[in-house]
Amino acid sequence: MVVIEPEAFCQTARSQNCEAELDHDKEGYPLRVTMQGFEEPIPISRQLLARAAFEFASPKWLITASIEVVKRGYADVEFEERQ
């Protein structure tokens, strides 16, 4: 059994100088990470978060890799609200 404290995702984002909000009521994208200089938060999907358990991926790696992708400009930073 793999147990991951959801707050670990937020702590990792905060350690990268980002704001993080975890809302378990949001079905598809429960984690929102806001980077400095960006108006809109980056939505992190429940499916991506589940990879930490199912693929034994580090929560730290999942969040820092997502932040780095946006910083490098490989992701579209114009996100529409998803439920």
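Residues numbered from 1 in each chain as written. Predicted model: local features only at pLDDT ≥ 70, side-chain atom pairs only at ≥ 80, totals over all residues. Heavy atoms only, no water.

Enquirer: Kindly report on the environment of E5, identifying the contributing residues and their values.
Expert: Along the polypeptide, E5 turns up in the segment before α1 (7–15). Taking relative accessible area as the criterion, E5 reaches 54% and is therefore assigned exposed. For the pair E5 and P59, spaced 54 residues apart in the sequence, the C-alpha separation amounts to 9.5 Å. (Helix = DSSP H or I, 4+ residues; strand = E, 2+ residues; numbered from the N terminus. Buried < 20%, exposed > 50% of the residue type's maximum accessible area, 1.4 Å probe, protein only.)

Enquirer: Break down the side chain of S45 for me, citing the residues and quoting the values.
Expert: Within the element layout of this structure, S45 appears in the loop between β3 (42–44) and α2 (46–54). From its side chain, S45 meets the backbone nitrogen of L48 in a polar contact 3.0 Å long. Among all residues touching S45, those that are not within four sequence positions of it are G28, Y29 and P30. (Polar contact = N/O pair within 3.5 Å; in protein donor to acceptor, adjacent residues only side chain to side chain. Contact = heavy atoms within 4.5 Å.)

Enquirer: I'd like to hear about unusual backbone geometry, residue by residue, with values.
Expert: One non-glycine residue, N17, lies in the positive phi region at around 65°. Structurally, N17 is set in the loop between α1 and β1 (19–22). A residue is classified by how much of its surface remains accessible, and N17, at 56% relative accessible area, is exposed.

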